Amino acid sequence: MDNEIRVRFAPSPTGPFHIGGARSALFNWLLAKKLGGKMVLRIEDTDRDRSKPEYEENIKNALKWLGINWDEGVDVGGPYGPYRQMERLDIYKKYTDQLLAEGKAYYCYCSPEELEAEREALTAAGKMPRYMGKCRNLTPEQRAKFEAEGRKPTIRFRVPEGVDLTFNDLVRGEVHFDSDGIGDFVIVKADGIPTYNYAVVIDDSLMHITHVIRAEEHLSNTPRQLLVYDALGFKRPEFGHISLILGKDKKKMSKRHGATSCDQYRQLGYLPHALVNFLALLGWAPTDEQEIFTTEELIKAFNMKHVAKNPAVFDIEKLNWINAHYIKQMTPEDFFALAKPFMVKAGYMTGEETGEKLAWLEKVVATAQTQVEFGAQIPPAVALYFNDNFDFETQEAADVLKEETVPTVMDMFFKELAEAATLDGPTVKAMFKTIQKTTKLNGKHVYMPVRVALTGNQHGPELVEMIPLLGAERTKQRMEASLKKAGIK
RNA sequence: GGCCGGUUGGUCAAGUGGUUAAGACACCGCCCUUUCACGGCGGUAUCAUGGGUUCGAAUCCCGUACCGGUCACCA
């Protein structure tokens, strides 16, 4: 199984799972599925201050929600564990000792203040800020002196001079770096915990990762990692750096741009597959014109060759369109299930309803299915079925009731309503027909006053659909109240 | 500032030397309809910029501008 494709998603549990992380995970997952490979989930929790267990949970839950599963990693295990970096410290130590012994790494006793001063001096001199190698060649005496002072050293990687660091990026093609532009970087912090650029190499190598697909912000880190691969005698994997997701103002997506975490979209009632479909189209495009994909179709069509180099602006409008598309395709049962928590939260139902009440709620909710883009929009879309005390939405709406034909229409309507044996779509339709015939008024002059009197609004669902749901009694009451308010009767 | 990457309509994007430069979202119009929504049809709008190379350039080369990433004991 030496040529098995293995990818990984390696998030840091330092915050709510970000939409950009979801896309990285998705691209890795699609590639693995496409090539029949394996996906590893590794948690990079070496930032002790910011890593939190609840964020790890948040990430895992979001991945599961999106339908992105992993074959190896935290929770599911696998042959190359543990899959949490803080549980792998002894592994890193072994390699660190090796690098130290070979002189490829060295102890650095510079304090944060000293390093800061160096950076500032360099910047002031118009040079690039980087570590100049102060502790590169410490004598045993100097080291002993620092140790005696109680200084805790970091371990730095000795970056060789004049080395060309070139790799072929799956997305960007051949990328060159020169080792001279890189200062000796810290691989083990003073507290003994490895840094990202170091641990990631050991883990990816030991976990036999063949393709490292990650965000573009890591592109400049790659040469450092290449150096570590080479120093440790590890085989370099393939790299693919996907572009960043930007906000409307073309700046990197952040909280300012609205919802950035997966959770927020879940809470707003977006469908996981809609998000997946949308994210897949952000930075990747099929060769044909297809926009809507099932997961299987996505896997089949996905190809790293068509991953875009340029960053993409997150367009909520398009996400909404995709989500609305999937919502329209839902079964009534699924749509009701989606609506339920939002309806409960709005106070329109308790969630305990049964029988007729439940049946009525189902019908009401069903009217929203072609109108909403995501779950949170459902309560406002059905609000008119729950609120009998409404005002006229606009003056224009109120004016509709001032037309001289209105009293006649209303009288007839109330009469028809009182005489109706049952109140379903066809009977309501017949009622309007009768009124139209008798009064010889066009549809607008019959329907619109009734609509305004019934809802206070000139727009809304079909009356033929709405009146049966409201029932004769509420219909009558609502309309009479409106007429009174308008000063008619 | 150094290094690295990027630039096709408002947005996502197809395109790899010869196309009327696809498609989608958004927008506008028309149709359907008692209204809105849904749906259907149609429309406006793009190769950042300046030089090359070439019979011919969105496509290849160089410069410029702009945007982004990175230069941490964060990942």
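Residues numbered from 1 in each chain as written. Chains lettered and ligands numbered in written order. Predicted model: local features only at pLDDT ≥ 70, side-chain atom pairs only at ≥ 80, totals over all residues. Heavy atoms only, no water.

Student: What exactly am I supposed to notice about the pattern of salt bridges here?
Tutor: Proximity of charged atoms lets side chains of opposite charge pair with each other. Evaluation of the coordinates by the stated rule reveals 34 salt bridges. Here R6 ties to E4 by a salt bridge, and the two come within 3.8 Å at their closest N and O atoms. Among the residues examined, R6 registers a relative accessible area of 5% and is labelled buried. By relative accessible area, E4 is classed as buried at 17%. For E116, the salt bridge identified is with R119, shortest N-O distance 3.1 Å. A residue pair is termed a helical-turn pair when its members lie 3 or 4 positions apart in one helix, as E116 and R119 do in helix α4 (residues 112–124) at three residues. Taking relative accessible area as the criterion, R119 reaches 39% and is therefore assigned partly exposed. Three or more residues joined by partner-sharing salt bridges are found here, namely R8, R42, E44, R88, D203 and D204. (Salt bridge = Lys/Arg side-chain N within 4 Å of Asp/Glu carboxyl O. Buried < 20%, exposed > 50% of the residue type's maximum accessible area, 1.4 Å probe, protein only. Helix = DSSP H or I, 4+ residues; strand = E, 2+ residues; numbered from the N terminus.)

Student: How should the protein's contact with RNA strand B be read in this particular structure?
Tutor: Near RNA strand B lie 63 residues; those nearest to it are S12, R172, K251, G283 and H459. Close to the protein, within 4 Å, the atoms of RNA strand B are drawn from sugar and phosphate at a rate of 70%. In this structure, a phosphate oxygen belonging to RNA strand B sits 2.6 Å away from a side-chain N or O atom of K189. L281 places a main-chain nitrogen or oxygen 3.0 Å from a sugar or linking oxygen of RNA strand B. Those elements that provide at least two residues to the surface near RNA strand B are α4, β5 (154–157), β7 (173–178), β12 (312–313), α11 (316–329) and α18 (443–455). Broken down by element, the residue count for the surface near RNA strand B peaks at five residues, all from α18. Here the residues of the surface near RNA strand B are counted per class, giving 23 nonpolar, 17 polar and 23 charged. (Near = heavy atom within 4 Å. Polar contact = N/O pair within 3.5 Å; in protein donor to acceptor, adjacent residues only side chain to side chain. Nonpolar A, V, L, I, M, F, W, Y, C, P; charged D, E, K, R; others polar.)

Student: So what exactly am I meant to see when it comes to the domain arrangement of chain A here?
Tutor: Bring the parts together and some accessible area is lost; that lost area is often taken as the interface size. On domain assignment, one finds that chain A holds domain 1 (6–70 + 245–313), domain 2 (88–242), domain 3 (330–385) and domain 4 (395–485). On a C-alpha basis, the centres of domain 2 and domain 4 stand 76 Å from each other. (Domains from an automatic or database assignment.)

Student: It is not clear to me how the packing of aromatic side chains should be interpreted in this structure. Could you clarify?
Tutor: For any two aromatic rings, the description comes down to two numbers: the centre-to-centre distance and the angle of the planes. Enumeration according to the criterion identifies 19 aromatic pairs in this entry. With centroids separated by 6.5 Å and ring planes inclined at 5°, the aromatic side chains of F167 and F177 adopt a geometry described as stacked. With a gap of 10 residues between them, F167 in strand β6 (residues 164–169) and F177 in strand β7 connect regions that are remote in the sequence. Residues F413 and F432 carry aromatic rings whose centres are separated by 5.8 Å and whose planes lie at 40° to one another, so their mutual orientation is tilted. With a gap of 19 residues between them, F413 in helix α16 (residues 406–419) and F432 in helix α17 (residues 425–439) connect regions that are remote in the sequence. With relative accessibility at 0%, the residue F413 sits in the buried group. Judged by its relative accessible area of 0%, F432 is buried. Members of the aromatic cluster, joined through ring pairs, are Y265, Y270, F278, F314 and F374. Over the aromatic face of F27 sits the side chain of R23, whose NZ or CZ is 5.5 Å from the ring centroid. (Phe/Tyr/Trp six-rings, centres within 6.5 Å; stacked < 30°, edge-to-face > 60°. Lys NZ or Arg CZ within 6 Å of the ring centre and 35° of its normal.)

Student: For this particular structure, what's the right way to read the layout of surface pockets?
Tutor: Over the atoms rolls a probe the size of a water molecule, and in doing so it shows where empty space is left. Approximately 1,100 Å³ is the volume found for the largest pocket. If you go around the largest pocket, you meet 39 residues; those closest to its centre are P11, S12, G21, E217 and H218. In terms of residue class, the lining of the largest pocket is built from 14 nonpolar, 16 polar and nine charged. Residues from two domains meet in the lining of the largest pocket; each of domain 1 (6–70 + 245–313) and domain 2 (88–242) gives at least three. (1 Å grid on protein atoms, 1.4 Å probe; cavity = no way out; pocket = protein on both sides within 12 Å on 5 of 7 lines; lining within 4 Å. Points joined across faces, edges and corners; volume = space filled by probe spheres on them.)

Student: What exactly am I supposed to notice about the nonpolar core here?
Tutor: What tends to happen in soluble globular proteins is that the nonpolar side chains get buried as a cluster. In this structure, F314 and F413 are the most contacted members of the largest nonpolar core, which totals 139 residues. Among the elements that take part in this core, helix α1 (residues 19–35) stands out by supplying nine residues, more than any other. Look past the residues within four positions of F413 in its chain and what remains in contact with it is M431, F432, I435, V450, I467, T475 and M479. (Core = buried A, V, L, I, M, F, W, Y, C linked by side-chain atoms within 4.5 Å. Contact = heavy atoms within 4.5 Å.)

Student: Would you mind showing me how to read the sheet that holds strand β8 (residues 186–188) here?
Tutor: By way of backbone hydrogen bonds, the strands of a sheet pair with one another, either parallel or antiparallel. Strand order across the open sheet formed by three strands is β4-β5-β8, with antiparallel pairing between neighbours. Two strands in the sheet have a free side with no partner beyond their single neighbour: β4 (105–108) and β8. The mean inter-strand angle of the sheet, taken between neighbouring strand axes irrespective of direction, is 45°. Of the pairings in the sheet, the one linking β5 to β8 comprises two bridges and is antiparallel in character. Of the residues in β8, the one forming a bridge with R156 is V186. (Pairing = 2+ DSSP bridges. Axes fitted to C-alpha atoms, helices over the stretch in contact; angles between N-to-C directions.)

Student: Would you explain the packing of α1 against helix α9 (residues 272–280) in this entry?
Tutor: Helix-helix packing: each pair is described by the crossing angle between the helix axes and the interaxial distance. Where α1 meets α9, the axes come as close as 10 Å, and the angle between the chain directions of the two elements is 80°. The orientation of α1 with respect to α9, classified from their angle, is roughly perpendicular. Where α1 abuts α9, its residues I19, A22, R23, L26 and F27 lie against L275, V276, L279 and A280. (Parallel < 35°, antiparallel > 145°, perpendicular 65-115°, else oblique.)

Student: It is not clear to me how the confidence of the model for chain A should be interpreted in this structure. Could you clarify?
Tutor: Reading fine detail from the predicted coordinates is not recommended where pLDDT is low. Of all residues in chain A, 99% attain a pLDDT of 70 or more, and the chain-wide mean is 93. Across the predicted assembly, pTM comes out at 0.94 and ipTM at 0.95. (pLDDT = per-residue confidence, 0-100.)

Student: Is there a simple way to explain a negative patch on the surface in this structure?
Tutor: A surface patch of like charges, here negative, comprises E161, D164, E174, D178 and D180. Mapped onto the elements of the fold, E161 is located in the loop between β5 and β6. The exposure class assigned to E161 is exposed, which follows from its relative accessible area of 65%. (Patch = residues over 30% accessible without salt bridge, like charges linked within 9 Å, V, L, I, M, F, W, Y side chains within 5 Å. Areas by Shrake-Rupley, 256 points an atom, 1.4 Å probe, with all protein chains shown as cover. Lys, Arg positive; Asp, Glu negative; His and termini not counted. Charge placed at Lys NZ, Arg CZ, Asp CG, Glu CD.)

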